[in-house]
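# Residue-level structural notes
One-letter residues, chain by chain:
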Amino acid sequence: MTNDLQQQIRRLAAERRAIILAHNYQPDEIQALADFTGDSLELSRKAAQVEAEIIVFCGVYFMAETAALLNPTRTILLPDTAAGCPMADMINAEQLRQLKQQHPGAVVVCYVNSTAEVKAESDICCTSANAVPVVRSLPPQQPVIFVPDQHLGHFVQERTGRPMIIWPGYCPTHMRIQEKDIAAARHTHPGALVLAHPECSQPVRAAADQVLSTGQMCRYAAASDAAEFIIATEAGILYRLRRENPGKRFHRASARALCPNMKKITLEKIRWSLQHRAPVVAIADAGVQARARRAMDRMLAIAAETPPARPPANSP
Ligand code: 13P
Ligand code: SF4
């Protein structure tokens, strides 16, 4: 049944000249059929280069909107527009304008998990993979406003030593991972390396061996000498880690770290989307499009990513 549906989707994608992009948290059967799977930075870079007429974006709303910002001449389909990101909705453009008025002269760094309107009020975007080099690229004497994720903001502050004005947003999925989960997982799997996402709380990050974006986790695990890992982020990443590293073992830090929005995308909805060329995600306001695009382009001009705290044991 699933195979049949996957084949129908692949046929439809070829007929419609569509490419299927999937985030690392997507359900296994969607990652298995996607043309490209990645983290937010990798997907942004990919979306900017796509030549296919249609991009079917398997992820959450802000990711499809980012693809529309970066490649406005393509049709961006999000198979379920109710797949939102609660963190992205924790600040709106008016709230950010008020914050800027309170801190005149500050530079605004905006996590890509945000609306196009908030990006348009920002100077530069970042993802979980490049937030540290993005902040390091800013003039050292200039105050930094960081929105909307407090945990990524504090992680950047710890790494750069730069004081920042941090909005108190958070990811409800990553908040379900607790320090005691890491301790329990280490007890069950002694010797395993703990890789945590920067959206995790400070005690969880402090209990980890490395703090990495989902794409960085894939590269780190592949390059490392270690054979066993505890993964403190959304569970969907386990599919890719296991597929790319068949000789290694991966354990979830918490069975509760599931993003309900990421799981709203299904094979049936992808088929419907391709059949009907809908629902389309686009930026209606040309001013928002131009200003948000500028903040994204500034980010993409910074090629560096946040380095791991320590390189994998066998790397050059
Ligand atoms: P990554 O860019 O690391 O994949 O993170 C995106 C995200 O939404 C994390 O919750
Ligand atoms: Fe948003 Fe968290 Fe889901 Fe990522 S895991 S999309 S930050 S709710």
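Note: the structure precedes this text.
Structural notes, computed from the coordinates. (Residues numbered from 1 in each chain as written. Chains lettered and ligands numbered in written order. Predicted model: local features only at pLDDT ≥ 70, side-chain atom pairs only at ≥ 80, totals over all residues. Heavy atoms only, no water.)

## Some points on the site of ligand 2
Going by this rule: A molecule or strand has a residue near it when one of that residue's heavy atoms lies within 4 Å. Whether a set of points on the 1 Å grid over the protein atoms alone is a cavity depends on a 1.4 Å probe fitting there but being unable to get out, while an open set qualifies as a pocket with protein on both sides within 12 Å along at least five of seven lines; lining residues are those with an atom within 4 Å of a point. Any molecule with more than half of its atoms within 2 Å of a cavity's or pocket's grid points is regarded as sitting in that cavity or pocket. Each residue gets one label: Ala, Val, Leu, Ile, Met, Phe, Trp, Tyr, Cys and Pro are nonpolar, Asp, Glu, Lys and Arg are charged, and the others, such as Gly, are polar.
Close to ligand 2 lie Tyr-25, Val-60, Cys-85, Pro-86, Asn-113, Cys-171, Glu-199, Cys-259 and Met-262. Mapping ligand 2 onto the cavity grids shows that it belongs to the largest pocket. Broken down by class, the residue content of the shell around ligand 2 amounts to 7 nonpolar, 1 polar and 1 charged.

## A word on the side chain of Ser-122
To keep it simple, the criterion reads: Only DSSP runs of H or I covering at least 4 residues are called helices, and only runs of E covering at least 2 are called strands; the numbering of each starts at the N terminus. Side-chain atoms alone can form a polar contact between residues adjacent in sequence; in general such a contact is a pair of N or O atoms within 3.5 Å, and within protein one must be able to donate a hydrogen while the other accepts it. It only takes one pair of heavy atoms within 4.5 Å for two residues to be counted as in contact.
In this structure, Ser-122 sits in the loop between α6 (116-120) and β6 (124-126). Among the polar contacts listed, one links the side chain of Ser-122 to the backbone oxygen of Val-118, at a separation of 2.8 Å. Every residue in contact with Ser-122, bar those within four places of it in the chain, is listed here: Leu-96, Val-108, Cys-110 and Ala-295.

## Remarks on the side chain of Ser-114
The line we're drawing: Burial classification: accessible surface area is computed with a 1.4 Å probe over protein chains only, and a residue below 20% of its type maximum counts as buried, one above 50% as exposed, and the rest as partly exposed.
Inspection of the secondary structure assignment puts Ser-114 in the loop between β5 (107-111) and α6. For Ser-114, a relative accessible area of 0% corresponds to the buried category. Only 2.7 Å separates the side chain of Ser-114 from the backbone oxygen of Tyr-111, close enough to count as a polar contact. Other than its neighbours up to four places away in sequence, Ser-114 contacts Phe-62, Glu-65, Ala-88 and Lys-119.

## Section: the site of ligand 1
Defined as follows: All accessibility values rest on the Shrake-Rupley procedure with a 1.4 Å probe; residue burial counts only the protein chains present in the view.
All residues adjacent to ligand 1 are His-23, Tyr-25, Asp-39, Ser-40, Asn-113, Ser-128, His-174, His-197, Glu-199, Ser-213 and Thr-214. In the model, an oxygen atom of ligand 1 is placed 2.6 Å from a nitrogen or oxygen of the His-23 side chain. In the environment of ligand 1, an oxygen atom lies 2.9 Å from a nitrogen or oxygen atom belonging to the side chain of Ser-40. When the free accessible area of ligand 1 is taken as 300 Å², the share hidden by the protein chains comes to 96%. Given that more than half its atoms are within 2 Å of the pocket grid, ligand 1 belongs to the largest pocket. Taken together, the residues of the shell around ligand 1 break down into 1 nonpolar, 8 polar and 2 charged.

## Things to note about the pairing of β5
Using the following cut-off: Note: two strands are recorded as paired if DSSP finds a minimum of 2 bridges between them.
Most of β5 is tucked away: 5 of the 5 residues are buried. Both faces of β5 are covered, namely the face carrying Val-107, Val-109 and Tyr-111 and the face carrying Val-108 and Cys-110. Bridge count for β5 against β6 is 3 bridges, and the pairing is parallel. Residue pairing across strands places Val-109 opposite Ile-124, the latter belonging to β6.

## Observations concerning the nonpolar core
In plain terms, the rule: We define a nonpolar core as any set of buried Ala, Val, Leu, Ile, Met, Phe, Trp, Tyr and Cys residues linked to one another through side-chain atoms lying within 4.5 Å.
Grouped together as the largest cluster of nonpolar side chains are 76 residues, with contacts concentrated most on Val-56, Phe-57, Val-109 and Ile-270. Of all the elements, helix α4 (residues 61-70) adds the most residues to this core, at 7 residues. With near-sequence residues (within four places) excluded, Val-56 lies in contact with Ala-18, Ile-19, Ile-20, Leu-21, Leu-77, Pro-79, Ile-270 and Leu-274.

## Details of empty space enclosed by the protein
Stated precisely, the cut-off is as follows: Grid points are joined across faces, edges and corners, and a volume is the space filled by probe spheres set on the points.
Inspection of every chain in the model, using the stated rule, returns 1 cavity of 30 Å³ or more. Taken together, Ser-40, Leu-43, Ser-44, Ala-47, Phe-57, Phe-62, Met-63, Thr-66, Ala-67, Leu-70 and Val-112 make up the lining of the largest cavity. Among the elements of the structure, α3 (40-49) and α4 are those that each provide at least two residues to the lining of the largest cavity. In terms of residue count, the dominant contributor to the lining of the largest cavity is α4 (5 residues). Considered class by class, the residues forming the lining of the largest cavity number 8 nonpolar, 3 polar and no charged.

## Description of helix α14 (residues 267-276)
Threshold: As used here, the arc is the angular range of directions from the helix axis to the C-beta atoms.
Three or more residues of α14 are buried, namely Leu-267, Ile-270, Ser-273 and Leu-274. Along the axis of α14, the buried positions cluster into a sector of 120°, meaning they face one direction only. Downstream of α14 by a residue or two, Arg-277 has a phi angle that is positive, lying close to 50°.

## What to know about the packing of α3 against α4
The condition is simple: Inter-axis angles, ranging from 0 to 180 degrees, are taken between N-to-C directions of lines fitted to C-alpha atoms, where helices are fitted over the stretch in contact. The crossing is said to be left-handed when, going from far helix to near helix, the turn is anticlockwise and less than a right angle, and right-handed when the turn is clockwise.
Running from N to C, α3 and α4 cross one another at 35°; their axes reach a closest spacing of 8 Å. Note that α3 runs across α4; the crossing there is right-handed. Residues Ser-40, Ser-44, Ala-47 and Ala-48 of α3 form the contact with α4, whose participating residues are Met-63, Thr-66, Ala-67 and Leu-70. For the contact of α3 with α4, a count of residues per class yields 5 nonpolar, 3 polar and no charged.

## Points about the pattern of salt bridges
Heads up, the rule is: Between Lys or Arg on one side and Asp or Glu on the other, a salt bridge is scored when a side-chain nitrogen of the former is within 4 Å of a carboxyl oxygen of the latter.
Scanning all chains against the criterion turns up 16 salt bridges. Of the charged contacts, one joins Lys-269 and Asp-80 as a salt bridge, the two residues approaching to 2.7 Å between their closest N and O atoms. Placement of the pair is Lys-269 in helix α14 and Asp-80 in the loop between β4 (75-77) and α5 (93-102), with a sequence separation of 189 residues. Exposure remark for Lys-269: the relative accessible area of 28% places this residue in the partly exposed category. With a closest N to O distance of 3.3 Å, Glu-305 and Arg-219 form a salt bridge. Of this pair, Glu-305 sits in the segment after α15 (286-300) while Arg-219 sits in helix α12 (residues 214-223), placing them 86 residues apart in sequence.

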